[in-house]
Amino acid sequence: MKLLYFPGCTLKTSAKNLEKSANAIMEKLSHELKEMDDWVCCGVVSSLSDDDLMRHLAPLRSLIHVEDQGEDKVITLCDMCCNTLKQTNLRVKEKPDDLETLNAFMDKENDYKGTVNVYHFLEFLRDEVGFSKLKQMVKNPLKGIRIMPYYGCMMLRPREVAIDDAEDPQIFNDLLDALGAEIVDNPFKIECCGSYHTIENKDIVSKRAHHITNYAFERNADAIILSCPLCRFNLDVRGKEAELMFKGYKQIPIYYYTQLIAIALGIDPEICGFDDHAVDPNLLLKKKGVYKI
Amino acid sequence: MHKKIPKNKEISKIIFKKGELVKEVEEISGENLFGCYQCGTCSSGCPYIDDMDLTPDEVIRYIILDRKEVLNSKTLWLCSACFTCAERCPRDINITKIMEALRQIILRRKIDYSNTRKTTKKEREKIPQIAFVSLFRKNIG
Ligand code: SF4
Ligand code: SF4
């Protein structure tokens, strides 16, 4: 199966490893993520002003380009892109007047017909591939590794675009079960990582990273699993910096779910781009005997 | 409710007639602030509460009471639109949108709240692009 894929800016720059590991999983599953033509930056944060339609133009353009390419489904890897595309899609489907205004504004694009559905890659793996199928394909089970799921915001809120329960999501638990890992569940899994404050307010983000990870650290978790490239950066890099702020604190390694699936399926770890992480994710996998290099 | 909120010169110059602040917030956000019964649920779950000068429920109260100094509060800029409060409010008030409306009231008067020039080159190279676009949209307009 070939599926249309919307990458977004970050997947092409600071989160190449997320894209590469997702592509490798798809290859193993005999599917393909086909990058769509003419995607544009989604704008990252959905407009929250009722009187401002302009912010919906960018996501809408990409949705139109999906229709132009004859598809009714598009997959995203970035949580923020996914959220923004889903919110615009929902708004224009619920408010035909807004869609009319937006369509009228654009002169080069075709009108949006509202036929596209936006999927998070994790949603696709759960609903269309099935975690049980992944379980059957596991070559290197993540046995004996204690992992804390972390969701952050954009996958779960607002509820209308969530891919799982907004207060007590289970999707990572189910995935980790399939991959053979142990789960360290926690109440902070749905709290914000500090988001864009990482630029001008680093210390606040380090405090967030410590607050979230320390719970796992104290319960002997070995690692954290997550999906969003900004959450990864904040927990990994700002979390590492937090070691200087909090005595005795040690940041544990962070994995994208795609990296852990790839490792479990026996895909070459090179694909995972672990060199880009602040806390080396290789050490743990070697220590636990998941693979040897 | 007499909290010290540091004044920002430019923001303090914004003039509102009586009752205009709440009207503008309601127009931009589409939310009815008067539905708030001050239970504090929004504030109890906010991840930035420790660093805020006004808690989210206080922000709502300040707007209703026409206290313009709310525009000087750092709470507006600490809110990262995580939607936790909006998700939990028992009165179904979307506080996330109210915070955005307050930021918009300032930004639409051509006052911005960002200084990315201070970010070092090394940092610029490793911080994910989504962080920059979010910051620009939230703090510049
Ligand atoms: S949760 Fe809702 S009702 Fe309660 S204080 Fe906050 S805005 Fe008001
Ligand atoms: S949306 Fe803003 S005010 Fe509400 S809980 Fe999140 S950070 Fe706090």
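What counts and what doesn't
- Residues numbered from 1 in each chain as written.
- Chains lettered and ligands numbered in written order.
- Predicted model: local features only at pLDDT ≥ 70, side-chain atom pairs only at ≥ 80, totals over all residues.
- Heavy atoms only, no water.
- Helix = DSSP H or I, 4+ residues; strand = E, 2+ residues; numbered from the N terminus.
- Rg over C-alpha atoms; globule rule 2.2 N^0.38 Å.
- Buried < 20%, exposed > 50% of the residue type's maximum accessible area, 1.4 Å probe, protein only.
- Contact = heavy atoms within 4.5 Å.
- Patch = residues over 30% accessible without salt bridge, like charges linked within 9 Å, V, L, I, M, F, W, Y side chains within 5 Å.
- Areas by Shrake-Rupley, 256 points an atom, 1.4 Å probe, with all protein chains shown as cover.
- Salt bridge = Lys/Arg side-chain N within 4 Å of Asp/Glu carboxyl O.
- Lys, Arg positive; Asp, Glu negative; His and termini not counted.
- Charge placed at Lys NZ, Arg CZ, Asp CG, Glu CD.
- Domains from an automatic or database assignment.
- Buried area = accessible area lost by both parts, 1.4 Å probe.
- Polar contact = N/O pair within 3.5 Å; in protein donor to acceptor, adjacent residues only side chain to side chain.
- Nonpolar A, V, L, I, M, F, W, Y, C, P; charged D, E, K, R; others polar.

Asks: Can you break down the overall build of chain B residue by residue, with the values?
Replies: If you tally the helices and strands in chain B, you get 9 helices and 0 strands. Counting from the amino terminus, helix and strand elements in chain B follow one another as α-α-α-α-α-α-α-α-α. The C-alpha radius of gyration of chain B comes to 15 Å, within 12% of the 14 Å expected for a compact globule of 141 residues. By its C-alpha atoms, chain B is 45 × 35 × 30 Å across when sized along the principal axes. Residues classed as buried in chain B amount to 58% of the 141 residues present. Put simply, 71% of the contacts in chain B that link residues at least 6 apart link residues at least 24 apart.

Asks: Can you break down a negative patch on the surface residue by residue, with the values?
Replies: On the surface, A:Asp268, A:Glu270, A:Asp275, A:Asp276 and A:Asp280 cluster together to form a negatively charged patch. In this structure, A:Glu270 sits in the loop between α11 (257-264) and α12 (282-287).

Asks: Quick rundown of the domain arrangement of chain B? Include the residues and the values.
Replies: Residues and elements named next belong to chain B. Under the domain assignment used here, chain B contains domain 1 (18-110) and domain 2 (113-141). The straight-line distance from the C-alpha centre of domain 1 to that of domain 2 is 24 Å. Taken together, the 5 residues of domain 1 in the interface contact 6 residues of domain 2. Summed over both sides, the interface of domain 1 with domain 2 buries roughly 530 Å², with 58% coming from carbon and sulfur. The tally of links from domain 1 across to domain 2 stands at 1 salt bridge. Glu100 is the salt-bridge partner of Lys138, the closest N and O atoms lying 2.7 Å from each other. Applying the counting rule to domain 1 against domain 2 returns 1 residue pair in polar contact (both at pLDDT 80 or more). Take the side of domain 1 that touches domain 2: its biggest share by element is 3 residues, from helix α7 (residues 95-107). In the side of domain 1 that touches domain 2, the residues fall into 3 nonpolar, no polar and 2 charged.

Asks: Any details on the side chain of A:Gln87? Residues and values, ideally.
Replies: One can find A:Gln87 in helix α3 (residues 79-94). Setting aside anything within four residues of it in sequence, one finds A:Gln87 in contact with A:Ser46, A:Pro158, A:Val161 and B:Phe83.

Asks: Can you break down the pattern of salt bridges residue by residue, with the values?
Replies: Applying the stated rule across the entire model yields 29 salt bridges over all chains. A salt bridge links A:Lys202 to B:Glu123, with the nearest nitrogen and oxygen atoms 3.9 Å apart. Of this pair, A:Lys202 sits in helix α9 (residues 202-218) while B:Glu123 sits in helix α8 (residues 121-126), placing the two residues on different chains. According to the relative accessible area criterion, A:Lys202 is partly exposed, its value standing at 33%. The class for B:Glu123 is buried, based on a relative accessible area of 10%. Between B:Glu125 and B:Lys121 there is a salt bridge, with its nearest N and O atoms 3.3 Å apart. With a gap of 4 residues between them, B:Glu125 and B:Lys121 both fall in helix α8, about one helical turn apart. For the pair shown, B:Glu125 and B:Lys121 are each scored as exposed. Ionic contacts of the salt-bridge type, sharing partners, join the residues A:Lys202, A:Arg238, A:Glu241, B:Glu123 and B:Lys126 into one network.

Asks: I'd like a description of the environment of A:Ile225, backed by residues and values.
Replies: Residue and element names in this part refer to chain A. Within the fold, Ile225 resides in strand β7 (residues 223-226). The class of Ile225 is buried, set by a relative accessible area of 0%. For the pair Ile225 and Tyr257, spaced 32 residues apart in sequence, the C-alpha to C-alpha distance is 5.8 Å. Aside from chain neighbours lying at most four places away, what touches Ile225 is Ile147, Met148, Pro149, Tyr150, Phe172, Leu175, Leu176, Tyr255, Tyr257 and Leu260.

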